[in-house]
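So the chains spell out like this:
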Amino acid sequence: MKSMLEKFTFIACFFLWSVQAFSQPYGNKGVPMILDTDIGPDYDDVGALAMFHALADKGEVSPLAVVASNKHELVAPCIEVINTFYGRPQLPIGAPKGEGATKGATQGWPQMLVDKYPHTLQSTSQVPNAVSVYRRILAAQPDKSVTVVTIGFLTNLADLLASPADSLSGLSGLDLVRRKVKLLVSMAGKFPEGREYNVFVDSLASQRVFAEWPTSILFSGFEIGAEIKTGLEVVRNEGLKGPVKDVYALSLPLAPADKLGRMSWDQTAVLVAARGTNPYFGIKRGRMLVDGGHNSWADDPMGPHAYLIPQMPTPYLTQLIEALMMWEGR
């Protein structure tokens, strides 16, 4: 009887380990994290950046940088506005210097933010090359320690993989990522297959990153964030002040589809990057394949990729994410 119990316990523990492979905490120091955002075409990035800072204030994230995958002139100033509001004006910011997308926000909130809140940057062209920011920061971190969270286009990560050894690191970009990065969390794709904005805007970069990235990748697909509508409580909170409330108050009324709140794609990626998948989501292991901006999926229980599947009821996730979006800083 005892041997059967021991055998059952071993199997149960192995199953739990396999499910939680993307859920390993870093203890009380927080997850060393670089956030890569296209902040501008949509405003869920604003909520995700607020969560990034809230989790940093709570000691769950050790913020290393915020880099932009969007070359629009107001992207870096908006990042600086939000970083400054949350008490981190010196957090490094980078942006693409070569080919890359330039996407504005139709609701006009970037101009509102830079008009209303303190910042020093006047345009995205003023910040360093995102690849240089990545290389400098990664070179200084312990091996297998950094979580990269991409909630935008894959431009910077493709450029990083292609980067040669330089004065910042004697390693190629591919080898630097292999040595320093623990996990890539990406809001990208639609599962098990589909066509999603972050993938197809720079589809060549997406194809390269998801084929060549040398660490595990965890995907939060379109279908996950589409079910989690946030922002209404942010706007209703009469005691809340700041850029997040201002952006949602301006933007939500402009689209009938957002009457119940804005879909929260990017927030889910930040959440699982900081806290792991359990108890929020389950995972499906395998490999993501990209062809011309369309993604498909190959199941593989030992695969290097995984995508989130629903587990916690949506109302609980919504409340949790919205509470982090309403964090008012230290």
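Located above this text is the structure these notes cover.
The structure presented is a predicted model; accordingly, all values stated were derived computationally and were not measured.

Conventions adopted
Residue numbers restart at each chain and count upward from 1, following the sequence in its written direction. Only residues with pLDDT of at least 70 get local features here, since the model is predicted, and only at 80 or more are side-chain atom pairs given and counted; chain-wide, interface and lining totals rely on the full set of residues. Computation of side-chain values: all heavy atoms of the structure, hydrogens and water removed. Only when DSSP finds a minimum of two bridges between them are two strands counted as paired. Every helix listed is a DSSP run of H or I at least four residues long, and every strand listed is a run of E at least two residues long, numbered separately from the N terminus. Three labels apply to residues, based on accessible area from a 1.4 Å probe with only protein chains included: buried if under 20% of the type maximum, exposed if over 50%, partly exposed otherwise in between. Here a crossover is taken to be right-handed if, once the strands point away from the viewer, the path from the first strand over the helix to the second is traced clockwise.

**Q** Could you give an account of the sheet that holds strand β4 (residues 146-151), with specific residues and numbers?
**A** Hydrogen bonds between backbone groups are what pair the strands of a sheet, and the pairing can be parallel or antiparallel. Pairing within the open sheet is mixed, and its ten strands lie in the order β3-β2-β1-β4-β5-β7-β12-β10-β11-β6. Looking along the sheet, the strands with just one partner apiece sit at the ends: β3 (93-94) and β6 (194-195). In terms of strand pairing, strand β2 (residues 61-68) meets β3 through two bridges, oriented parallel. Bridge pairing in β3 places V67 opposite G94.

**Q** Break down unusual backbone geometry for me, citing the residues and quoting the values.
**A** A cis amide bond, omega 10 degrees, links F191 with the succeeding residue P192. In this structure, P279 follows N278 across a cis peptide bond, with omega equal to 10 degrees. Within the secondary structure layout, P279 lies in the loop between α13 (265-275) and β10 (281-291). Look at K144: it is not a glycine, yet its phi comes out positive at around 55 degrees. Take K144: it is sitting in the loop between α5 (130-139) and β4. Judged by relative accessible area, which is 45%, K144 ranks as partly exposed.

**Q** Please provide a residue-by-residue account of the pairing of strand β1 (residues 31-37), values included.
**A** Side-chain positions along a regular strand alternate between the two faces of the sheet. Most of β1 is tucked away, with seven of its seven residues classed as buried. A two-sided burial pattern is seen for β1, the buried positions comprising V31, M33, L35 and T37 on one face and P32, I34 and D36 on the other. As paired elements, β1 and β2 share seven bridges and run parallel to each other. Paired with M33 across the two strands is P63, which belongs to β2. Considered for its hand, the β-α-β crossover made up of β1, helix α2 (residues 44-57) and β2 is right-handed. The sheet contact formed by β1 and β4 spans five bridges and is parallel.

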